[in-house]
Amino acid sequence: MAPWHRTAAFIWSTLTFILYFGYTSAADPEHAISYFNNAPTRLFFFDDAPSVIYHDAIFGDIHVSQDEGKSWKRADDIPPGEAAMFIEHPFDNRVAFVLTNSYKHYRTDDRGKSWRTFEVPEMVAYVQSPLSFHSDPKKSEYTLLQATKCDPIPWGQQCRDVAYYTKDGFASSPQPLLDDISRCQFAHSSKDFKHDAHEDLIYCVAYDSSAVTGSHNIASSRLYSSTDFFATRQNEDLGIGKNAKGVMAFAIVSKFAVVALKDLTPNSEGDMLLYVTVNTKEWAKAQFPHASQARLRENAYTIVESTVHSLAVDVVLHDITTVGTLFVSNSNGTYFVESLKDTNRNMVGYVDYETIYGVEGVGIANMSAKQLRSVITFNDGSSWDPLVAPSGTCSSEPCSLHLHSVTDMHNYGPVFSSPAPGFVMGVGSVGKVLAPYEESNTYMSTDAGLTWTMVRQGSCQYEFGDSGSVIVIVDDDRPTDSIMYSTDMGKNWNTYNVGIQFRAKGLTTVSDSTSQKFLLLGQVMRDPQQPNQCGPNDKESWYARANSRAECIMGAKQWYTRRKADADCYMGEEFHDPEVHDDKCPCEEHDYECDYNYVRSNGKCVPSGPEHIPSTQCTLGTPDEKYMGSSGYRKIPGNKCEGGSRMDEPMSKDCSEAEPAEGAIVHQIYPFPSDIVQSEYFKESKTVLIRLADLTIWQSSNEGYTWEQRFPGERFLAFYMHTHSNERAYLITDSKKFYYTTDTGRHWFSSEAPSPANTFGAQVLRFQTKSDYLIWIGNVGCQSGYENCHAQAQYTWNNGRDWRLVEDYVVNCDWARDEELRIDSSQILCESYENKLGSQVFFGRENALQLVSGTDYFATKTKLFDHVVGFTKFSEFLIVAEYLPTRGTLNLQVSLDGRTFASGSFPPGMHPDSHAYTVLESSTKSIFLHMTMNEVPTPWGNILKSNSNGTYFGLSIENVNRNNGGFVDFEKLAGLDGIAMVNIVANPAEAALTGRKALQTRITHNDGGTWRPLVPPSVDSLGLKYPCTSVGCALHVHGYTERFDARATYSSPSVVGVVMAVGNVGDSLATYTESDTFLSRDGGFTWEEVHKDAHLWEFGDSGSVIVIVNDEEPTDHVLFTTDEGLTWREFKFTAEKIRVRDLMTVPEDTSRKFMLLGQYTGRTGSVVVHLDFSSLTHRKCLVDVEDPGHDDFELWSPSEERDSLCLFGRQTLYHRRKRDVNCVVGDTPKALDNVVKNCTCTPEDFECEFNYVRNGEGECVLVPGTNARPSDDSCRNGEDYWYERTAYRKVLYSTCEGGDRIDQGTRHLCPGINGHSAMFWMIVILFPFVITALVAWWWYSKSGMARGQVTYFMCDYSHGSGSGVMATLASVPWFLLGLSGIVFEYIASSLESVSMGYRARRGYRDIPVDEDAQVLHFEDEE
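From a predicted model like this one, the values you see are computed outputs, not experimental measurements.

1. Concerning the sheet that holds strand E85 (residues 1095-1100)
Thought 1: Strand order in the open sheet formed by four strands is E85-E86-E87-E88, with antiparallel pairing between adjacent strands. The sheet is open, and its two borders are formed by E85 and strand E88 (1129-1132), each paired with just one other strand. Each neighbouring strand pair of the sheet contributes to a mean axis angle of 25°, computed without reference to strand direction.
Thought 2: Judged from the three bridges that link them, strand E86 (residues 1105-1110) and strand E87 (residues 1117-1121) form a sheet pairing that is antiparallel. Its bridge partner being in E87, isoleucine 1108 is matched across the sheet by leucine 1119.

Written out as structure tokens, the structure reads:
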């Protein structure tokens, strides 16, 4: 008997049955037992061969069997204890490698019978796959090796990974490939990843700079490629240019190559980005729906088992890291749709999802909703259903079968299936949810999961053999001495006793499940000698999918030949993979996808613009000329359907519909039956929605080229774009029903709200950063009268499937958390009435409007204020207008955390207790507030600016114009923070009496610190001088309060520094009809008149096209420029003039397509004119992000036209198209904005301190009757000094350094350690040592040792207390020594950790997890 300490035994047996004249008898299995000291790290079957490898990594040995595990022999060619890793050649079933912890390694070319040595220059890297192989059989010897190279440094070793290559399978010494890498792989290293790239193409993830500290910055990690083994190399820019950095991983999955990189762009949260290619040439970013929630975070997503048609990714969307959402891509891996929510996953990223082997489109997954439930798909994840429970096993509803999956593995290989066609097994339970493993039973399906039967009570390990003809199971609950096997597809089971008690640890067989031999940490075998081999009549054709819903996947039905259940024969096709047969299906709509230049809208493919055609077509120029163009559909690549619906056949089209020749402009006019009252684009999309006055909704998926009405018959009151998820929108009807989309309008779904939309003026929907979380404010009790009519707020956590009450009698409710207000995501703020009885319609101030905060989704309520007027969120500030009823005044309260509030302090006479106010914006760490100082007969007021926490407000500029709706002539320029323009009332005394305002424009370039008039141009657009030549002449422009569309802005973030406005040169602003159109290219420092008369304007293609249209009167043409106003061209789009109300393009201003919204004069209804300037030029702009400024782009700074080189204390270079270059910017990557240097502080970097205002000379002086703020001497940030306050404070947004710091008064030392000089601390440290030395010398002299005497003495520790002054002083050095000991230990441990860090070998070891990790570490220790 074997020793009991041995941990693994292989049991081998042969199962035999004999067919004799129609009566069946089965011989007993036979077995053999082999003993091993340890369980295997790898148990590997060579493909289509009886050879097996058993790798004992603990003892470092390789054992080989040449008879499928019946007998074993240690590989004698490899010395004992040397085998550290076993790696098989994936494309040559005779070759494998054993890697060691030295420079010598081993290779077999005969499936383990013999092993030859080879040597490499460096130690093999401890990574999962240190070898990469070429998939071409002609180049099977081409191999890449990842090794670790270490260089000695004074305190240890500094190590990095390097790559080597060999073309002869290590017959000769491998050659260096690339240094400082984290992974290298052949592009041709997968049979599914098919492309026509160079046969020697290699990808490497490597660092573009060496690390001095042993740890790389993630930004230096890039993806490189080479076709000459890195004699030359190319940086793969992934289509995003210079931003293609921060590469974390590269992998080839199915037919896709995938790169994962960290988003290092400013303001990102370090999310992961996936870029995918199917041809090695074009890379595309993987787009996920409702992106604000589907964020890829590091270690929070898994690329799961994927098909050859699509890529599958499971993403953690919430804080619960064991719950994910499965997304499945389109055919090129770039656009993902949500397939299954709440997938179960474990902490290390394994996901309960597995596709059924060999049967396309079928997969099983587990959902985690507190308890696990299993679901199955038959259509590649398009829909999921519960697993049908075996008949007669359900006693309650709902009831289905649930199976343990990947996160609870109990065996080798796939969990459910094998190459045996159609056979699926699992351990699970029947009921509402999955039972624990020890309480589960064993189930089997013979039709790929369509139906199930229970084959054994209790949990078992299972395996298929002989293509499913033999099924073996073994008890997995407890020790056993037997196995069970079936030869009739599980109908009957035989028991075989092996003679020893054992506990099953693994049951497996050859990889293609064609053998009759099995390994049970050993092996179980049937005798292959059978009396009869199966003939044609013993076999059946089994179709992989039997249900009609998913019969055809990718245009074909799959079927296999397998043995009939009652046939008494054996297949006898060992090492012959089951052959899959395809029956072609007739083509249907789901076999097609949208062709190039087409987009899906309402389930159909519509053109995104005119179709590009070959130059040989449409050459005659006749009106009725036709061409054969795309139908809009193409067959999905890889689809096998034939016949049926031929949706991809070319169609005859009018040449007038084709893309025009270069230089031409396309237009399309679409009339609507009613006025347009709402219009908006989806962000980062070509889809636009409009709502008409007749309560209908219309959608265009191609920027207004074609239109479709959405849901005729419904009456829509409004639509909302999700503020945190660009792909989502909601259509609000006049009933409880609403419609929503999660994919920019490609598909719409209906849902039901808890109540009809409210009629109290509150925003119906509020959105959160978690995009499924919504707040709905609706009417309750209003249908039958006004007795109890009120507004009620409810919230949903699953996009409207379920709702839960928040509060009744509300005026407004909103999520407290915002993009920059990073507070509790479960906190809800509600303005609700104190008395919740009666009709809200008739409530007045006598019923206090309270502000209530509720955490845990309003489960825990806290009243913040007894009486409020309202609240709002701006940037990182939460601002509340508190009403003080005893005084009838307002108070401004500001919070940064949603819990604690501080009252705002205001200059004299400007407190909100007696003034209306408008919160303007906050993007530069301060709040801008407009305080109304004059209400009747016409309003205006002062703009105040806060400090960093929003509590102290100082005057920025007086007499700023406001309209009766509370809107203010104040606007900040997009892309250039801190620059803003306002219109002020220049005649306040006169206007207060007459109501006639004389408006003048002012601009600030230091965030409101100082304001100046706009410098007028010297001549107009005709080259004539302006009649106004006095000192008071300036440029004045019309502002925010006069715009029809509040979204129209002076500037665009896509073309930094370019500003457009309508105005005039003179003493004050003229009427709109007397104004002209002006442009600035330097952020408003200088201006030029670009055209006479007032126009609407819009920027396109990052400023390469600017379109203007006359909105003073009806017009039939637009003007456009490609050189930012130097020259203008006219395009006539209609014979009948229209009155243009608005000019639109995509919100990012990156398209060359525009929409005019207007009306025909004298007619009802409205019209949309689509203008397409895409064919003006086909030349793409040239860009060199590595050497910007020497291409079609320029590096521009706002300082170039000014004496000062700095703005906000720094000189910044921006990347933008050169003015005179006619090219298409499109998605051309641009260089990042570059801060050249911080500048010396100048007066422009300062503004007036609280209670100070600027006098006529521009100096800050104290307001009469006020006191200056006391100085801050807290030194809370560890400063060495504090300074007395002055009349100035530094502009928060400025980064200037040094210079004349007029904000700092008299300097004072901070108390504490930092308040003493170096000399003081030198004396403190050295004084105790001096005293100790004197004491030691005194003792040394008195002891006689100084005279050469030898004295013996005993130490008396009880003599005296040692409490004298000298004893106290003498103890100080030991205290100091203790401190120095701690410091020494810290330094030593740091050096040791650094040294070990250099030598450590781990995946991604050069990527720091957190730049603040050390700081956090010590804080935690404290």
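2. Digging into the sheet that holds strand E68 (residues 860-865)
Thought 1: Reading across the sheet, the four strands line up as E65-E66-E67-E68 and stay open at both edges, with antiparallel pairing between neighbours. Two strands in the sheet have a free side with no partner beyond their single neighbour: strand E65 (810-815) and E68. Each adjacent strand pair in this sheet contributes to an overall mean axis angle of 25°, direction not counted.
Thought 2: Judged from the five bridges that link them, E65 and strand E66 (residues 828-833) form a sheet pairing that is antiparallel. Bridge assignment links aspartate 814 to a residue of E66, and that residue is leucine 829.

3. Observations concerning the state of the cysteines
Thought 1: One pass over the full model with this rule turns up 13 disulfides.
Thought 2: Here cysteine 813 is linked by a disulfide to cysteine 830, with a sulfur-sulfur distance of 1.9 Å. The sign of the 115° torsion about the S-S bond sets the cysteine 813-cysteine 830 disulfide as right-handed. Taken together, the residues span a long stretch of sequence, with cysteine 813 in strand E65 and cysteine 830 in strand E66 at a distance of 17 residues.
Thought 3: A relative accessible area of 0% means that cysteine 813 is categorised as buried.
Thought 4: Owing to a relative accessible area of 0%, cysteine 830 belongs among the buried residues under this scheme.

4. Section: the side chain of histidine 1170
Thought 1: The topology assignment puts histidine 1170 in strand E91 (residues 1166-1172).
Thought 2: Only 2.9 Å separates the side chain of histidine 1170 from the backbone oxygen of glutamate 703, close enough to count as a polar contact.
Thought 3: Those residues in contact with histidine 1170 that lie beyond four places of it in its chain are Val666, His667, Gln668, Asn702, Glu703, Gly704, Tyr705, Lys1153 and Phe1154.

5. Considering the packing of aromatic side chains
Thought 1: The full count for this structure, using the stated rule, is 45 aromatic pairs.
Thought 2: Aromatic pair phenylalanine 672 and tryptophan 698: ring centres 5.3 Å apart, planes at 80°, arrangement edge-to-face. Of the two residues, phenylalanine 672 sits in strand E52 (residues 666-672) while tryptophan 698 sits in strand E55 (residues 697-700), which places them 26 residues apart along the sequence. As far as the burial class goes, phenylalanine 672 and tryptophan 698 line up, both buried.

What counts, and at which threshold
Residues numbered from 1 in each chain as written. Predicted model: local features only at pLDDT ≥ 70, side-chain atom pairs only at ≥ 80, totals over all residues. Heavy atoms only, no water. Pairing = 2+ DSSP bridges. Helix = DSSP H or I, 4+ residues; strand = E, 2+ residues; numbered from the N terminus. Axes fitted to C-alpha atoms, helices over the stretch in contact; angles between N-to-C directions. Disulfide = S-S within 2.5 Å. Buried < 20%, exposed > 50% of the residue type's maximum accessible area, 1.4 Å probe, protein only. Polar contact = N/O pair within 3.5 Å; in protein donor to acceptor, adjacent residues only side chain to side chain. Contact = heavy atoms within 4.5 Å. Phe/Tyr/Trp six-rings, centres within 6.5 Å; stacked < 30°, edge-to-face > 60°.

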